[in-house]
Amino acid sequence: MGRAQLHVEPRLHQLMPAIMTCMVGKKLCKSPLQPHWELRDRAAQLLTLIVRRYADSYATLQQRITNTLLHALLDPSKPLTTHYGAVVGLMALGPQTTNQLVVPNALPYLEALDADTTAPRRKPDDAGGNSASASKDAAQSGQGASAASQRFEERSEMRRVEAARVRGALVEAVGSCLVKHRMGSLPTLGSSNKTGSGSDGNAGVAGLAAAAQRIMGDALLPYIWDPRDPTHNFWI
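Here, residues in each chain are numbered from 1, in the same order as that chain's written sequence. Whole-chain, interface and lining totals are the exception, using all residues; otherwise, since this is a predicted model, local features are given only for residues with pLDDT of at least 70 and side-chain atom pairs are given and counted only at 80 or more. As a rule here, side-chain values come from all non-hydrogen atoms in the structure, and water together with hydrogens is ignored.

**Q** Help me out: how do you make sense of the overall build of the protein in this one?
**A** The numbering of helices and of strands both runs from the N terminus, where a helix is a DSSP run of H or I of at least 4 residues and a strand a run of E of at least 2. Summing up its helical and strand segments, the protein has 9 helices and 0 strands in all. Listing each helix as α and each strand as β along the protein from the N terminus yields α-α-α-α-α-α-α-α-α. Think of it in three bands: with a 1.4 Å probe and only protein chains considered, a residue is buried below 20% of the maximum accessible area for its type, exposed above 50%, and partly exposed in between. Within the protein, the fraction of its 236 residues that count as buried is 37%. A sequence separation of at least 24 residues applies to 67% of the contacts in the protein between residues at least 6 apart. In these tables, accessible area is a Shrake-Rupley quantity obtained with a 1.4 Å probe, and a residue counts as shielded only by the protein chains included in the view. Only carbon and sulfur atoms are counted for the fraction: they give 54% of the accessible area of the protein, which is about 13,900 Å². Contact definition: two residues touch when any of their heavy atoms are within 4.5 Å.

Dropping the structure here:
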């Protein structure tokens, strides 16, 4: 992408579907233990370069990308891997996009995610059905039941890992916008846009920061506490 002699622009329409898939595809590797997270991050970095270089030439490029990523993030039927790719992709489009689209959705999303990941899930042998038949099958195939239980535990652990990845990306998105707002590069912040400017706007930001800390916990501390004074919260 950095070499002018490659003449990427005429092939941009062919490259973009592949790049988007590398960000929000459900399954990018044969095994979930392979580095698909890094692939999604790398695709987001490439997206940043493409938008910076070609957005002026293609008026609808960034809007089309934004719509695709936002739809992927807000679709509850999509897997967490897709949601992660959507978050890092939207962040790659810049702080304004992150502030306008990720920040307002981050807290409701995390509340729903926490409720889902902490809810008890039935193991395969607790799924209901004909108990007599289930007992007979279990007696005939103890090893099969054990293997099914192991697969259940592996899927549960993988979901916890995926949820942690999405949570981390959202914490970074919200936290970075809080920092940019404090430094003056973002005049308004997320849902605090409705409160306007001045003291009302500051109160809105403080409320958002407090809600974010309640939901995100200690992970948000690097973004809201003054490193020069560990007892000082910027938003109190």
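**Q** Quick question: what am I supposed to make of helix H1 (residues 12-24) here?
**A** Each α-helix turn comprises 3.6 residues. Residues three or four places apart therefore point the same way. A helix is expected to span 1.5 Å for every residue after the first. Taking 1.5 Å of rise per residue, the 13 residues of H1 would be expected to cover 18 Å, and the 18 Å separating its terminal C-alpha atoms lies within 8% of that figure. Tucked into the core, H1 has its buried residues touching helix H2 (36-54), helix H3 (61-74) and helix H4 (80-92).

**Q** Looking at this structure, how should I read the packing of aromatic side chains?
**A** Any two aromatic rings considered together are summarised by their centre-to-centre distance and by the angle between their planes. In this analysis, rings of Phe, Tyr and Trp, with Trp reduced to its six-membered ring, are considered paired at centre separations within 6.5 Å, and the interplanar angle assigns stacked below 30 degrees, edge-to-face beyond 60, and tilted for intermediate values. Counted according to the given criterion, the structure contains 1 aromatic pair. Considering the side-chain rings of tryptophan 37 and tyrosine 84, the 5.0 Å spacing of their centres and the 85° angle between planes classify their relative orientation as edge-to-face. Remark: tyrosine 84 occurs in helix H4 and tryptophan 37 occurs in helix H2; sequence separation between them is 47 residues. Of the two residues, tryptophan 37 and tyrosine 84, both sit in the buried class.

**Q** Sorry if this is basic, but what is going on with the confidence of the model for the protein here?
**A** pLDDT is defined as a per-residue confidence score from the predictor, taking values between 0 and 100. For the protein, mean pLDDT is 80; residues scoring 70 or higher make up 73% of the total. Within the protein, the lowest mean pLDDT, 52, falls on helix H6 (residues 131-140), and the highest, 97, falls on H4. Low pLDDT, under 50, characterises residues 2-6; the stretch is placed with 3 contacts to residues that sit more than four places away or in other chains. This model gives residues 192-200 a pLDDT under 50, and the stretch forms 8 contacts once residues within four places in sequence are excluded.

**Q** Just checking my understanding: could you explain the environment of threonine 21 for this structure?
**A** Of note, threonine 21 is situated in helix H1. Residues threonine 21 and threonine 82, spaced 61 residues apart in sequence, show a C-alpha to C-alpha distance of 9.3 Å. For this analysis, a polar contact is any N or O atom pair within 3.5 Å, provided that within protein one partner can donate a hydrogen and the other can accept it, and provided that sequence-adjacent residues contribute only side-chain to side-chain pairs. A polar atom in the side chain of threonine 21 sits 2.9 Å from the backbone oxygen of proline 17.

**Q** Mind showing me how you'd approach the packing of H2 against H4 here?
**A** The packing of two helices is summarised by the inter-axis angle and the distance between the axes. Whenever a helix is involved, its axis is fitted only over the stretch in contact; in every case the axis is a line through C-alpha atoms, and angles between N-to-C directions fall within 0 to 180 degrees. Contact geometry of H2 with H4 gives a least axis separation of 8 Å together with a crossing angle of 30°. One element, H2, and the other, H4, form an angle in the roughly parallel class. Judged by the twist between their axes, the crossing of H2 over H4 is right-handed. Along the contact surface, H2 presents His36, Trp37, Arg40, Asp41, Ala44, Leu47 and Thr48, while H4 presents Thr81, Tyr84, Gly85, Val88, Gly89 and Ala92. Partitioned by chemical class, the residues of the contact of H2 with H4 number 6 nonpolar, 5 polar and 2 charged. By the definition adopted for this analysis, an angle is roughly parallel if under 35 degrees, roughly antiparallel if over 145, roughly perpendicular if from 65 to 115, and oblique otherwise. Crossings are assigned a handedness: left-handed for a near helix turned anticlockwise from the far helix by less than a right angle, right-handed for a clockwise turn. Following the grouping adopted for this structure description, the nonpolar residues are Ala, Val, Leu, Ile, Met, Phe, Trp, Tyr, Cys and Pro, the charged ones are Asp, Glu, Lys and Arg, and the polar ones are all others, Gly among them.

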